[in-house]
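Okay, here's what each chain looks like letter by letter:
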Amino acid sequence: MFDAKTNTSDEAVCPVHAPSDHPKVKPARIGVLVANLGTPDNYDYWSMRRYLNEFLSDRRVIDYSPWLWQPLLQLIILTKRPFSSGEAYKSIWNHDEGESPLMTITKKQTAKIKAQMQETYGDDVVVDFCMRYGNPSTKSKVRAMIEAGCQKILFFPLYPHYAGATSATANDEFFRILMKEKWQPTVRTVPAYYERADYIEALAQSIEAAYAKAEKRPEILVCSYHGVPQRYLMEGDPYHCQCQKTTRLLKERLGWDDTQIITTFQSKFGPEEWLQPYTVEEVARLAEKGKTNIAVCAPAFSADCIETLEEINEEIFESFEEAGGHDFLYIPCLNDDDAHITALCNTIDDNLKGWV
């Protein structure tokens, strides 16, 4: 185990030969910083505008020329979209806690991960979370970890699948912040975990539990992944292939055939072609073909958020219903389910090897 036991207080003085005015050095620890996409601070116009501006200005998310994109974003999109997005967030908002469901769930996930890390490693490992957009910022949490004495940081984007617009931009922000540190910690980033047996097992168990509670067994399971432009696949982004593999591994674990499970993509934005089939169109086709009892899950999301609680449960459900569908079962994301937390902690343990 990484040994910080020789230090008996929160701060340890440098070696005895150091001058008396030498800055004190914290006892050495390891940080585990989990990161999710982000959330607005509230659903009012200005909170939404700040959040959407940060998100939609990220060149990893929208890679059009800023000379063309920024005028469109600032003058048109950000004058209208904060209103509609704010209404969507309001419909799912955790009013009791004054925060979005993504924030609530991420806090719960972090608390459970922290408890398990504490049990395994004691005080030598510090666990916290940050958001790529909004608060708490990556910058604030990296700074806090360094101030707590973390000389090594494991950075864990909570995306099962790698994509430039998710994992890569989270890593970009993490490394940008490290550029400003006088004493940079040693760092590692956690790779995508879409094919880990424990992650697939957690998905399978959640689906089996939902099917067991359903009044009628769904005829087909739609695995709806967040979409990206088709162009990204052609440019080398592995996201599409990783999503397809997750569905295949899930199908094999469940013991199903190809007629019982399909892969689709949601959340299309902008004029260009995105990965297909589009979930909102595919559920309508299923209903038109007589598949009027379906289930939908979202394996690419580690926590329920606006795209699952609002888009799937409202827009996608309405498309299915309008096409003649009757029974629509949304299977929640893995969130802070114990099997999911075990998979995440196992992933952390594997990536801490050699450090602890």
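Predicted, not measured: the structure shown is a model, and the values here were computed from it.

## Concerning the packing of aromatic side chains
- Summed over all chains, the structure comprises 16 aromatic pairs.
- A centroid spacing of 4.9 Å and a plane angle of 85° characterise the contact between Tyr-45 and Trp-46, whose relative ring orientation is edge-to-face.
- Aromatic pair Phe-155 and Phe-174: ring centres 4.3 Å apart, planes at 5°, arrangement stacked. Here Phe-155, found in strand 3 (residues 150-157), pairs with Phe-174, found in helix 5 (residues 164-178); they are 19 residues apart in sequence, far enough to count as distant.

## Things to note about the sheet that holds strand 6 (residues 261-266)
- Spatial ordering of the open sheet is given by 6-5-7-8, a layout of 4 strands whose pairing is parallel. Each edge of the sheet is formed by a strand with only one pairing partner; in this case those strands are strand 6 and strand 8 (327-330). Mean inter-strand twist for the sheet, computed between neighbouring axes without regard to direction, equals 25°.
- Across 4 bridges, the pairing between strand 7 (residues 293-297) and strand 8 is parallel.

## Comments concerning a negative patch on the surface
- A contiguous patch of negative charge, built from Glu-314, Glu-315, Glu-318, Glu-321 and Glu-322, is present on the exposed surface.
- Inspection of the secondary structure assignment puts Glu-322 in helix 10 (residues 306-322).

## Brief notes about the pairing of strand 3
- Extensive coverage of strand 3 is indicated by the burial of 6 of its 8 residues.
- By the bridge criterion, 4 bridges tie strand 3 to strand 4 (residues 186-189) in an arrangement that is parallel. Its bridge partner being in strand 4, Leu-154 is matched across the sheet by Arg-188.
- For the segment spanning strand 3, helix 5 and strand 4, crossover handedness is right-handed.

## Structural notes on empty space enclosed by the protein
- On inspection of all chains with the given rule, the structure shows 1 cavity of 30 Å³ or more.
- If you add up the space inside the largest cavity, you get close to 60 Å³.
- In this structure, the largest cavity is lined by Tyr-199, Leu-203, Ser-206, Ile-207, Cys-297, Ala-298, Pro-299, Phe-301, Ile-331, Pro-332, Cys-333 and Leu-334.
- Broken down by element, the lining of the largest cavity gets its largest block of residues, 4 residues, from helix 6 (residues 197-213).

## Remarks on the packing of helix 1 (residues 45-56) against helix 2 (residues 66-92)
- Running from amino to carboxyl end, helix 1 crosses helix 2 at an angle of 130°, the nearest separation of the two axes being 8 Å. As summarised for this structure, helix 1 and helix 2 are arranged oblique, according to the angle between their axes. Taken as a pair, helix 1 and helix 2 cross one another with a handedness that is right-handed. For the pair formed by helix 1 and helix 2, the contact residues are Tyr-45, Met-48, Arg-49, Tyr-51, Leu-52, Asn-53 and Leu-56 on the first element and Trp-69, Leu-73, Gln-74, Ile-77, Leu-78, Thr-79, Arg-81, Pro-82, Phe-83, Ser-85, Gly-86 and Tyr-89 on the second.
- Its residues assigned to classes, the contact of helix 1 with helix 2 comprises 12 nonpolar, 5 polar and 2 charged.

## Topic: the confidence of the model for the protein
- Across the protein, the average pLDDT comes to 94, with 94% of residues at or above 70.
- Confidence drops under pLDDT 50 across residues 1-14; counting only partners more than four residues distant or on other chains, this segment forms 33 contacts.

## Overview of the side chain of Glu-99
- Of note, Glu-99 is situated in the loop between helix 2 and helix 3 (101-121).
- Taking the relative accessible area as the measure of exposure, Glu-99 reaches 10% and is therefore buried.
- Within polar-contact distance, the side chain of Glu-99 engages the side chain of Lys-107 at 2.8 Å.
- Those residues in contact with Glu-99 that lie beyond four places of it in its chain are Trp-93, Asn-94, Thr-104 and Lys-107.

## Details of the sheet that holds strand 4
- With parallel pairing, 4 strands are arranged side by side in an open sheet as 2-1-3-4. Strands with a single pairing partner mark the edges of an open sheet, and in this sheet they are strand 2 (125-134) and strand 4. Neighbouring strand axes in the sheet, compared pairwise and without regard to direction, differ in orientation by 25° on average.
- As defined by bridge partners, strand 1 (residues 29-39) adjoins strand 2 across 9 bridges and the pair is classed as parallel. Bridge assignment links Gly-31 to a residue of strand 2, and that residue is Val-126.
- Packed on one face of the sheet, helix 3 meets strand 1 and strand 2 and runs near 160° to strand 2.
- Along the sheet, helix 4 (residues 138-147) makes contact with strand 1, strand 2 and strand 3, crossing strand 2 at roughly 160°.

## Quick look at a nonpolar patch on the surface
- A cluster of nonpolar side chains, namely Leu-72, Leu-75 and Ile-76, defines an oily patch on the protein surface of about 290 Å² accessible area.
- With respect to the helices, strands and loops of the structure, Ile-76 is situated in helix 2.
- When its relative accessible area of 44% is taken as the criterion, Ile-76 is described as partly exposed.

Analysis parameters
Residues numbered from 1 in each chain as written. Predicted model: local features only at pLDDT ≥ 70, side-chain atom pairs only at ≥ 80, totals over all residues. Heavy atoms only, no water. Phe/Tyr/Trp six-rings, centres within 6.5 Å; stacked < 30°, edge-to-face > 60°. Helix = DSSP H or I, 4+ residues; strand = E, 2+ residues; numbered from the N terminus. Pairing = 2+ DSSP bridges. Axes fitted to C-alpha atoms, helices over the stretch in contact; angles between N-to-C directions. Patch = residues over 30% accessible without salt bridge, like charges linked within 9 Å, V, L, I, M, F, W, Y side chains within 5 Å. Areas by Shrake-Rupley, 256 points an atom, 1.4 Å probe, with all protein chains shown as cover. Salt bridge = Lys/Arg side-chain N within 4 Å of Asp/Glu carboxyl O. Lys, Arg positive; Asp, Glu negative; His and termini not counted. Charge placed at Lys NZ, Arg CZ, Asp CG, Glu CD. Buried < 20%, exposed > 50% of the residue type's maximum accessible area, 1.4 Å probe, protein only. Right-handed = clockwise from strand over helix to strand, strands pointing away. 1 Å grid on protein atoms, 1.4 Å probe; cavity = no way out; pocket = protein on both sides within 12 Å on 5 of 7 lines; lining within 4 Å. Points joined across faces, edges and corners; volume = space filled by probe spheres on them. Parallel < 35°, antiparallel > 145°, perpendicular 65-115°, else oblique. Left-handed = near helix turned anticlockwise from the far one by under 90°. Contact = heavy atoms within 4.5 Å. Nonpolar A, V, L, I, M, F, W, Y, C, P; charged D, E, K, R; others polar. pLDDT = per-residue confidence, 0-100. Polar contact = N/O pair within 3.5 Å; in protein donor to acceptor, adjacent residues only side chain to side chain.

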